[in-house]
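Single-letter residue listing:
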Amino acid sequence: MLCIAYSLTQGSVTIPFSEIISPESALHQQVVWELRLPRIISAFIVGGSLAMSGALMQVLLRNPLADPYILGVSGGAAVGALSATLLGISGVFLHSMAFTGAMITTALVFMLARDHGRWNSTRLLLTGVVLAAGWGAIISLLLSLSTNMQMRGMIFWLMGDFSHAEFSGLTSLLLITGLLVSLFLSRSLNLMISGDRQAAALGVETHQVRVIIYITASLLTASAVTLAGPIGFVGLIIPHLLRLSGFRDHRYLLPGCLLAGGSLLMIADTISRSLIAPAQLPVGVITALIGVPLFLLLLHKQMLDSHVAT
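Residues numbered from 1 in each chain as written. Predicted model: local features only at pLDDT ≥ 70, side-chain atom pairs only at ≥ 80, totals over all residues. Heavy atoms only, no water.

Caption draft 1: Helix H7 (residues 148-158), seen in detail. For H7, the full list of buried residues reads Met154, Phe156 and Trp157. For H7, the angular spread of buried residues about the axis comes to 165°, placing them on one side. Away from the buried face of H7 by more than 90 degrees, exposed residues Asn148 and Arg152 are located. Buried-residue contacts for H7 involve helix H4 (73-86), helix H5 (92-112), helix H6 (121-145) and helix H11 (206-228). Two residues or fewer past H7, Gly160 is found with a positive phi of approximately 90°. (Buried < 20%, exposed > 50% of the residue type's maximum accessible area, 1.4 Å probe, protein only. Helix = DSSP H or I, 4+ residues; strand = E, 2+ residues; numbered from the N terminus. Arc of directions from axis to C-beta. Contact = heavy atoms within 4.5 Å.)

Here's what the structure looks like:
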């Protein structure tokens with residue numbers, strides 16, 4: 001609630017909290033209800049989706065450095081969105097093309113990473129990395145073909161931007177569904193952290209769970225990227241912070257990721273539109289500035305803990 005209150009009051013125009021509760025100015029009412037509130041809700045949904053997706057990807061790949069974009073979903077979405085921009089398409093059609101690009105990537109990784117009907121984490125990771133590199137080359141091509149005006153919009157989208165984000169019922173539904181599915185699988189996720197063999201010995205259908213995790217994480221990432229572009233570090237940092245704080249049980253970790261990721265992105269978006277107001281910064285710049293030193297501190301703390309343990 002404090003994050004929401006802070007985000008509603010701050011911006012290019014500072015609005016007292018009393019004006020939000022009982023607005024007397026028609027301008028303030030319009031700024032709060034038509035501009036800031038939809039943007040705040042979008043930021044919370046995107047942040048929560050990315051943080052949850054990051055936590056799921058880290059279980060899927062058994063890699064603490066995994067993030068929502070590691071399998072190339074954001075690259076596919078970016079190719080779709082930038083192609084739409086290059087063709088002069090905007091609005092809901094741009095979002096549709098971005099979501100389609102993300103889903104094409106999800107399907108390709110799903111098909112190419114299978115080996116005799118089974119998945120191997122290394123094969124899955126390599127497939128995603130190779131596809132991400134391919135999408136990166138196409139993104140560079142699209143940027144080189146764009147005009148100066150188009151390029152500015154493309155770069156802002158690639159760095160994460162809520163200036164044109166709108167509240168999406170579908171994205172909200174995907175977030176709620178992803179949380180419910182993840183909570184249903186929380187026992188299996190807890191067991192799979194220790195390895196597939198141990199989880200299978202305790203009755204977990206590891207292959208089936210992996211497929212559900214992959215689809216859920218990919219849909220969460222695709223919906224988030226479609227709404228605001230690829231925003232870095234949220235899906236990497238938040239699960240680590242919560243695990244270091246003692247939230248290792250996925251029954252508590254996943255809801256915590258939703259709340260903490262959403263709150264972080266709301267604050268980052270508020271800073272991005274307040275720091276050099278009335279101009280705006282891409283929110284991805286703020287999350288990177290917060291995420292890089294925080295991640296380095298986490299690595300340093302883990303190194304110190306490992307030395308103490310030995």
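Caption draft 2: Expanded view of the packing of aromatic side chains. All told, the structure shown has 1 aromatic pair when counted by the stated rule. When the ring of Phe110 is compared with that of Tyr214, the centres are 6.3 Å apart and the planes differ by 20°; the resulting orientation is stacked. A residue pair is termed long-range when its members are at least 10 positions apart, and Phe110 in helix H5 and Tyr214 in helix H11 qualify at 104 residues. When its relative accessible area of 23% is taken as the criterion, Phe110 is described as partly exposed. According to the relative accessible area criterion, Tyr214 is buried, its value standing at 1%. (Phe/Tyr/Trp six-rings, centres within 6.5 Å; stacked < 30°, edge-to-face > 60°.)

Caption draft 3: Spotlight on H11. With 23 residues, H11 should cover 33 Å at 1.5 Å per step; its first-to-last C-alpha distance of 33 Å lies within 8% of that length. Among the 23 residues of H11, 18 are classified as buried, and the element is accordingly described as predominantly covered. (Expected span 1.5 Å × (residues − 1).)

Caption draft 4: Summary view of the packing of H4 against H11. It is at 9 Å that the axes of H4 and H11 come closest, and there the two elements cross at 35°. Seen from above, H4 lies across H11 with right-handed handedness. On the side of H4, the interface is formed by Val73, Ser74 and Ala77, while H11 contributes Ser218, Thr221, Ala222 and Val225. In terms of residue class, the contact of H4 with H11 is built from 4 nonpolar, 3 polar and no charged. (Axes fitted to C-alpha atoms, helices over the stretch in contact; angles between N-to-C directions. Left-handed = near helix turned anticlockwise from the far one by under 90°. Nonpolar A, V, L, I, M, F, W, Y, C, P; charged D, E, K, R; others polar.)

Caption draft 5: Quick look at the pattern of salt bridges. Within the structure shown, the criterion is met by 3 salt bridges. For the salt bridge of Arg39 with Asp269, the shortest nitrogen-to-oxygen distance reads 2.9 Å. Of the two residues, Arg39 is situated in helix H3 (residues 26-61) and Asp269 in helix H13 (residues 250-274); the sequence distance between them amounts to 230 residues. For the pair shown, Arg39 and Asp269 are each scored as buried. (Salt bridge = Lys/Arg side-chain N within 4 Å of Asp/Glu carboxyl O.)

Caption draft 6: Region of interest: the environment of Ile70. With respect to the helices and strands, the residue Ile70 is situated in the loop between H3 and H4. Classification of Ile70 by relative accessible area gives buried; the value is 18%. A sequence separation of 43 residues divides Ile70 from Leu27, and the C-alpha atoms of the two residues are 43 Å apart. If we ignore the near neighbours within four places in the chain, the residues touching Ile70 are Leu61, Leu125, Gly128 and Val129.

Caption draft 7: Looking closely at the environment of Leu37. In this fold, Leu37 is placed in helix H3. Taking the C-alpha atoms as reference points, Leu37 and Phe233, 196 residues apart in sequence, are found 24 Å from one another. Beyond its immediate sequence surroundings of up to four residues, Leu37 is in contact with Leu8 and Val32.

Caption draft 8: Focus on the environment of Leu296. Looking at where Leu296 falls in the secondary structure, it is placed in helix H14 (residues 283-309). C-alpha separation for the pair Leu296 and Leu191, spaced 105 residues apart in sequence, amounts to 28 Å.

Caption draft 9: Looking closely at unusual backbone geometry. Backbone geometry at Arg62 places phi at a positive 50°, although glycine is not the residue there. Within the secondary structure, Arg62 sits in the loop between H3 and H4. Residue Arg62 is classed as partly exposed on the basis of its relative accessible area, which comes to 48%. Phi is positive for Phe233, close to 75°, though the residue is something other than glycine. Residue placement: Phe233 occurs in the loop between H11 and helix H12 (234-244).

Caption draft 10: How the structure looks around the side chain of Gln58. Inspection of the secondary structure assignment puts Gln58 in helix H3. A polar atom in the side chain of Gln58 sits 2.4 Å from the side chain of Arg243. With residues up to four places along the chain from it excluded, the contact list for Gln58 reads Asn63, Pro64, Ala66, Gly235, Leu236, Pro239, His240 and Arg243. (Polar contact = N/O pair within 3.5 Å; in protein donor to acceptor, adjacent residues only side chain to side chain.)

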